[in-house]
Amino acid sequence: MLKALVEPRWLVATGIILLGLLLIPFGAPLFYIYILSVIFVTALLAMSLNLVLGYGGIYQFHHAVFYGVGAYTVALILTRTSLPWWIALLAGPFVAAATGLIIGWFCVRLTKLYFGMLQISLGSLVWIIVYRWYDVTGGDNGIHDIPMPEWLTTFQGAYYFILAVVVVCVGLMFLLIKSPFGATLQAIRDNPQRCEAIGINVRHHKLIAIVIAAFFGGVAGVLFATLERSVFPGLLFWVLSLEILVMCLLGGWFTFAGPILGAAIVVALRTVASRYTDYWTMVLGIILILLIFFLPEGVMGFIQERVAAKNKAPHPQRVEEGSGS
Amino acid sequence: MDPSAVISLLLVGLARAMILFIVSAGLTFVLGVLRVPNVAHGSLYMIGAFVAFTIATAFGQSSAGFWFALILAPLVVAAVALIIERGLLSHLYQREHLMLILFTFGLMLILNDLVKLIWGAEYRSVTPPEILDGAVTLFGFNIPRYSLFLLFVGPLVAVGLWFLSNKTRLGKIARAASVDREMVGVLGINVSWVFAAAFVIGCALAGLGGALVAPTTSISLGMDLTIIIESFLIVIIGGLGNTWGALIGSILFGVSQSLGLLFFPQFAIAFPYAVVVIVLLLRPRGLLRSAW
């Protein structure tokens, strides 16, 4: 079945990359293992956004809410109750998905910019509650020293756990996009009126897509909580949502792997640039504006375009040679 | 509960609403004419406040300094906006909203770091002029003079904007261009400059809001982050591009926050958000007709 979905050479490439990632902890310094874990978590977050943004054409402007809700669910369950850790980790994505259902239910009645702005407002309402409810969420201090099982507290343990979860999630998202539901979603993105006309319940499909994206965003949040063992309100602040949007743009949002690349670039740049300058966000802003002007399809989109042009190249070239000589 | 305390709290809330109105009127004006959701609007508001601080300090925080700052800060912000519009934004109008919002986000990141670079991370303040300092007793209620001043300026801006968009040539062209840009261009009007003017006016309002808020609060980095969300909410519940909607939205916002302070001080900040959700449940596209 897999062969029908993926070209063999992509499968091989993915396998090699995965093998490499499995071996990295044996040789790399702890800092790099940590940064790679951050990249995995961020990549999952960006991909979950791309599910609705790139494939659904939905203006999900406040995706970080689901990330934050997932992370806070873990933190609250583990610090306020005596439930075991795995229940907390499982609960995170479902609470995030439920949040997605509530926010989405309001938002799907609107489209495009109205949708996005309504989502920012509803998401900010969640943020305000987390930010202000000191007794429960710790307010702007956040929650720190979340207890985790021993094996998850080492860098290597967290690395492998995160890698495994991210790979499974990415695989699921890939299957989802290739499924009839994914095809419908893309059809809705390209022409909602026509979809409505042939009897597809557009709102219904959008809502399901938002819930699924919120679920995976929640998984990313859970992974963040396991990696950092602390949570803070910034996780569901709207600025982070726009940063994730930037990652999708940077990588290319009509491509499946683009957001991974975008997340990797942003995290790596932040790590490097913040070593040399206090003005890292200015660097990001300048990159973003350059990108919008010169590379609107993103890095991955650009590469794909080039590859496509190269594959097509022989034919027109031959014609040119013929007419030239 | 002391009724006179309640009323003065409401009046202070209403005064705060006037600043929200001035900022969100600028935002909604730009949204209505240019269809650009300007995330950097809050940064321009912050720049307005910092510029007001610099000018007021140059005059030794005297009364004259405040009045100069009030006039000059919006002009400085307008100049910044003009550079942004002519240099960058004017090349992007054909792009989709998503690109525009990300562009303004990039601007926000750059402007905020520039503010950090120029003014640093310390807290700043502006002294209000003597004539607006202290409180007056009106009909037995204690009201800060500065709040009264804001309650005077807010409606003035509303009337000014109404006059601009309904009675002047520029406003009429801007409204027409927001409905059908190409048609207006075909009629031989230079739409590009109309858009530039609309953007500059909208941003100048952010600067004015920043200058007005300067004496009432400590000016610091990050003051842009809450105002921009609040203005977005106000613009949504008012109806995108509708100035009067922005006025109603701001009043709802400011007053509900005051009422929240009265009953649940800790969650006062959440009250306006709850109002927004209720309004949107009843009228998903805002209270008044959107310009779109």
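Fair warning: this is a prediction, and the values are worked out from it, not measured in the lab.

With that settled, consider the packing of aromatic side chains. Residues and elements named next belong to chain A. A complete count under the given rule lists 27 aromatic pairs over all chains for this structure. Ring centres 5.9 Å apart and planes at 75° place the aromatic pair Phe31 and Tyr32 in the edge-to-face group. Residue Tyr32 is classed as partly exposed on the basis of its relative accessible area, which comes to 48%. The cationic tip of Arg109 hangs over the ring face of Trp105; the distance from NZ or CZ to the ring centre is 5.3 Å.

Looking now at the pattern of salt bridges. Residues and elements named next belong to chain B. Summed over all chains, the structure comprises 6 salt bridges over all chains. Note that Arg86 and Glu85 form a salt bridge whose closest N and O atoms lie 2.9 Å from each other. Take Glu85: its relative accessible area is 0%, and that puts it in the buried class. The partner of Arg124 in a salt bridge is Glu122, with the nearest N and O atoms 3.6 Å apart. Classification of Glu122 by relative accessible area gives partly exposed; the value is 48%.

Turning our attention to empty space enclosed by the protein. Counted according to the given criterion, the structure contains 1 cavity of 30 Å³ or more. As a volume, the largest cavity reaches approximately 30 Å³. Together, Ile120, Trp238 and Leu242 of chain A together with Val39, Ile228, Ile229 and Phe232 of chain B line the largest cavity. Contributions of two or more residues to the lining of the largest cavity are made by α12 (238-251) of chain A together with α9 (223-238) of chain B. Looking at the lining of the largest cavity residue by residue, the classes come out as 7 nonpolar, no polar and no charged.

The next thing to look at is the interface of chain B and chain A. Taken residue by residue, the interface counts 46 residues in chain B and 44 residues in chain A. Summing both partners gives a buried area of about 4,300 Å² for chain B against chain A, and 82% of it is carried by carbon and sulfur. On inspection of chain B and its partner chain A, the count reaches 0 salt bridges. The tally of links from chain B across to chain A stands at 4 residue pairs in polar contact (both at pLDDT 80 or more). Looking at the side of chain B that touches chain A, the elements that each hand over two or more residues are α4 (97-119), α9 and α11 (271-282) of chain B. The leading source of residues in the side of chain B that touches chain A is α4 of chain B, at 16 residues. Within the side of chain B that touches chain A, the residues separate by chemical class into 35 nonpolar, 6 polar and 5 charged.

The rules behind the values
Residue positions are counted from 1 within each chain, in the order its sequence is given. Chains and ligands are labelled by the order in which they are written, letters from A for the one and numbers from 1 for the other. Per-residue local features are limited, in this predicted model, to residues with pLDDT of at least 70; the limit for side-chain atom pairs, both in listing and counting, is 80 or more; totals at the level of whole chains, interfaces and linings are taken over all residues. Processing note: side-chain calculations cover all non-hydrogen atoms of the structure and skip hydrogens and water entirely. What counts as a ring pair is set by centres within 6.5 Å for rings of Phe, Tyr and Trp (its six-membered ring), and what kind of pair is set by the plane angle: stacked under 30 degrees, edge-to-face over 60, tilted for all other angles. Exposed residues in this analysis have more than 50% of their type's maximum accessible area, buried residues have under 20%, and partly exposed residues fall in between, with area computed by a 1.4 Å probe over protein chains only. In this scheme, Lys NZ or Arg CZ marks a charge over a ring once it lies within 6 Å of the ring centre and within 35 degrees of the ring normal. Any Lys or Arg side-chain nitrogen located within 4 Å of an Asp or Glu carboxyl oxygen qualifies as a salt bridge. Using only the protein atoms, space was sampled on a 1 Å grid; points where a 1.4 Å probe fits but cannot get out form cavities, open sets with protein on both sides within 12 Å along at least five of seven lines form pockets, and lining residues are those with an atom within 4 Å of a point. Grid points are joined across faces, edges and corners, and a volume is the space filled by probe spheres set on the points. We count a stretch as a helix when DSSP gives it H or I for four or more residues in a row; a strand needs E for two or more, and each element gets its number in order from the N terminus. Residues are sorted three ways: Asp, Glu, Lys and Arg are charged, Ala, Val, Leu, Ile, Met, Phe, Trp, Tyr, Cys and Pro are nonpolar, and all the rest, Gly among them, are polar. Contacts: residue pairs with any heavy atoms within 4.5 Å of one another. Accessible-area loss on putting two parts together, using a 1.4 Å probe and summing over both, is the definition of buried area adopted here. Within 3.5 Å is the distance limit for a polar contact, defined as a pair of N or O atoms, with the added protein rule that one can donate a hydrogen and the other accept it, and that residues adjacent in sequence qualify only through two side-chain atoms.

These values are about where atoms sit, not about what they do.
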